[in-house]
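# Overview (structure and organization)
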Amino acid sequence: MLRRSFVILLLFVSLGSARAVAQRPTADSSLLTVDRIFGSPEFRGGTLGALAWLSDGTGYSTLEPALGGKAGRDIVRYDAETGLKTILVPAARLVPPGDSTPLDIEEYTWSADGRRLLIFTNSQQVWRTNTRGDYWVLDLAGWTLKKLGGRGGPASTLMFAKFSPDGGRVGWVRYGEYNIYVEDITSGTMTQLTRDGSRTTINGTFDWVYEEELGLQDGWRWNSDGQSIAYWQLDASGVRDFLLDNVTDSLYAFTTPVQYPKAGQMNSAGRVGVVSASGGETRWITIPGDPRNNYIARMEWVPAKGGSKELVIQHMNRLQDTLHVMLANAQTGQVRTVISETDSAWIEQFDELRFLNGGKDILWESERSGWTHLYLFPRDGGAPRPLTSGTFDVLGVQRVDTIGKWVYYIASPDNPTQRYLYRINYEKKGPAQRITPTGEPGVHSYNMSPTGRYAIHVYSRFGVPPTTTLIGLPDNHLIRTLVDNAALKGKVAGLRLGATEFRQVDIGSGIKLNAWFIKPPHFDSTSRYPVLFYVYGGPGSQTVIDAWGGQNYLWYQMLAQRGYIVASVDNRGTGARGRAWRKLATRQMGVVETQDQAAAARAVGRLPYVDSTRLGIWGWSYGGFMSLNVITQAPDVYRMAIAVAPVTHWKYYDTIYTERYNGLPQDNAAGYDKGSPLTYAKNLKGRLLIVHGSGDDNVHFQNTEAMVNALVAANRPFSLMVYPNRTHSISGGTTRQHLYTLLTKFVEENLPATAGSRAALP
């Protein structure tokens, strides 16, 4: 039992009692358990792995176990039309000199002429992902295998290696030193292009916040003629370190510093320079404004015959409500603006910017109509021409065919929970064509070949594992199935599954929120069930998607088998429903979203088969923030909540994400406080579990400690679980199995499946 006057720290060192509740061992294979879902490979599906289209578009390569049971993996080619398999690189050719086992390939890239292979291996983590490691070049002509970076160089210190356009050189960034090098493959000669790199002068890559929030990791680009290289440089001096405490990996505690600018604090200063690939002085691009209060969100060379002399740069102010597309002269450093976007809320960069019609027009994405659509902007000025239109959002560009003049894009005009492929001709100005066949509702994704003749197509529905096929375009004809996941589908089909449905929840004032529901397998409309909601709710996100949900879907079905309705609702502020819907939360994160979630819970609680006294909610990250908000701002609605890795006040989070949506804390202190669960901690009535990894470099454990202090100050009881040194994903080894055992136990004890066993609230 929880007591009013103190915090109970749930350590769960012994899982005996937890498993007694959470696992319910049974020989019935139709019933799910946490151990089956998270502790075994039983429900793992198949994927294609490291697939790469070949440059001529006639086939693709992938990795497969070496023939004859030998060590390593072969690189094989499949002909797209016939399926004929050819071994391009046998694993035996990937054994380094003096070694006996082949390289463990993590990623690979072909040179443009297909004669050489660049191999990435032995990777290690930088910030959130493994972006440093060792690179090797395999020359297929003589089967020579050469490690880049010089003899005796430190292991796992090369980043973002790329072939030059002619395939004769490779450029890369040295981790820790943060300088850019070019290495001649034949001679081994290395040319150092930058010499000022350091922990605070970062060349060719990025700090934590640029990677996390702008999706930038690889910070340098070859020109198309291989004569020049453009790169970002960040000046991180003045950016304060956040110290992550580690008290378990050694006898004495130590800290790991992470450059992490919190909302309102100093950012790195970014700039772009161009340097000759043979060495020399860098020519810096002259971009107006304070570089610490602006962002260079994207940079690429403008395509041109014989080697481009221009860069295209997407430049945003710190509040991210103004974005300029600039053309920069690589020789003089001068820039001119060709597109300007402003919004009273925020604007985000566009990854698929293209120069079309011989470079005269720029493909751009804009919300200026109230929906996200594609436009052609004249490069030399003039009114933009809309390519797509309607009351729906374009959700991504898949490919631009400059021969046939087609733009392929993802959208779902009639149902924002689904995804389909369309194309539109940007020359003939005709209507859009749907490529995905009708009769296949759900989510479709595509990896199109360089010629656009073929695509790897992945299709799934809610509760239906994905099928991967090779299709021909544009008629979408099936060539062959690559991964059918028949074994996984059979496993899922053999389960005692609850019925699922997508519907809208009417919260009044004409507002209808998209939702999905999973009901118990033997649902009885005359009974009354508890409901556990899953929430994320952050800007532009969606949890209500008609796609296979993986392990979490199976966990929800496990709870349904035990007598729960599980549901998820997308509040206003989420994605795919237009600008006004998406940007309602501007400068008040956590306010409208919380009101919508609570209103939806009340509406669901009025359903005749729902027990409104047994409503619970859980979420992770932004969803953890939402769980804390709803149980403290609507304490009479929810009986229990679980908050995993939650933000508790946006002053603790990073600059780029937070300020995009909430503005600067110096200018919007009231908005920050109004959306913070710290403000409402005193209202807590229901049962609350907070879970956090102490090594979380994204949402710092500081957030949970602040919430603990607020709850203690208000003398409110709650439960806490800390996973030492785990990151934001709270994973590794048996961690997820342990975590979901804990979550299951908390749900079953505090949101009982039967009304008669309902425990009294504190």
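Check the entry above for the structure.
The paragraphs below set out a description of the structure included in this document. The residue numbers shown here count from 1 along each chain, following its written sequence. Per-residue local features of the predicted model are confined to residues with pLDDT of at least 70, and side-chain atom pairs are confined, for both listing and counting, to 80 or more; whole-chain, interface and lining totals are unaffected and use all residues. With hydrogens and water set aside, each side-chain value is computed from the structure's full complement of heavy atoms.

## A short note on the sheet that holds strand β35 (residues 464-472)
Sheets are built from strands that pair by backbone hydrogen bonding, the pairs being arranged parallel or antiparallel. Note on pairing: two strands pair once DSSP finds at least 2 bridges between them. Working definition: helices are DSSP H or I runs of at least four residues, strands are E runs of at least two. Numbering for both runs from the N terminus. Taken together, four strands build an open sheet; the order of strands is β33-β34-β35-β36 and the sheet is antiparallel. Here the strands that pair on one side only, and so sit at the sheet edges, are β33 (443-448) and β36 (477-483). Across this sheet, the average inter-strand angle for adjacent strands is 30°, counted without regard to direction. Bridge count between β33 and strand β34 (residues 454-461): six bridges; the pairing is antiparallel. When the bridges of β34 are listed, Ser-445 appears paired with Val-458. In this description, a line fitted to the C-alpha atoms serves as the axis of each element, helices being fitted only across the stretch in contact, and the angle between N-to-C directions of two axes falls anywhere from 0 to 180 degrees.

## Examining the pairing of strand β9 (residues 144-147)
Both strand β8 (residues 129-139) and β9 contribute to a ladder of four bridges, which runs antiparallel. In the sheet register, Trp-136 faces β9, and the bridge partner there is Lys-147.

## With respect to unusual backbone geometry
In this chain, Leu-473 is followed by Pro-474 through a cis amide linkage whose omega measures 10°. Summarising the element assignment, Pro-474 is placed in the loop between β35 and β36. A positive phi angle, close to 55°, is found at Asn-357, a residue other than glycine. Relative to the helices and strands, Asn-357 resides in the loop between β25 (354-356) and β26 (361-366). Of note, Arg-587 is a non-glycine position whose phi angle comes to about 65°, a positive value. With respect to the helices, strands and loops of the structure, Arg-587 is situated in the loop between α6 (579-582) and α7 (592-605). Note on Arg-587: relative accessible area 37%, which makes it partly exposed. Type-normalised accessible area, obtained with a 1.4 Å probe on protein chains alone, sets the label of each residue: buried when under 20%, exposed when over 50%, and partly exposed for intermediate values.

## Thoughts on the environment of Ser-676
Relative to the helices and strands, Ser-676 is located in the loop between α10 (669-674) and β43 (687-693). A relative accessible area of 1% places Ser-676 in the buried class. The sequence separation of Ser-676 and Gly-590 amounts to 86 residues, and the corresponding C-alpha distance is 6.9 Å. Contact criterion: two residues are considered in contact whenever any of their non-hydrogen atoms come within 4.5 Å of each other. When sequence neighbours within four positions are dropped, the list of residues in contact with Ser-676 reads Asn-629, Thr-648 and His-649.

## A closer look at the packing of aromatic side chains
In this scheme Phe, Tyr and Trp rings, the latter by its six-membered ring, pair at centre separations within 6.5 Å, and the angle between planes marks the pair as stacked below 30 degrees, edge-to-face above 60, and tilted otherwise. Summed over all chains, the structure comprises 39 aromatic pairs. When the centroid spacing of 5.7 Å and the interplanar angle of 25° are considered together, the rings of Tyr-60 and Tyr-78 count as stacked. With Tyr-60 in strand β3 (residues 59-65) and Tyr-78 in strand β4 (residues 73-79), this residue pair connects regions lying 18 residues apart in the sequence. Relative accessible area serves as the criterion here: at 16%, Tyr-78 is assigned to the buried category. Their ring planes at 85° and their centres at 5.3 Å tell us that Phe-462 and Phe-502 sit as a pair that is edge-to-face. Residue Phe-462 is found in the loop between β34 and β35, and its partner Phe-502 is found in strand β37 (residues 500-506); the two are separated by 40 residues along the sequence. Here the aromatic cluster, defined as three or more aromatic residues joined through ring pairs, consists of Phe-38, Phe-462, Phe-502, Trp-516, Tyr-534, Trp-548, Tyr-553, Trp-555, Tyr-556, Trp-618, Trp-620 and Tyr-740.

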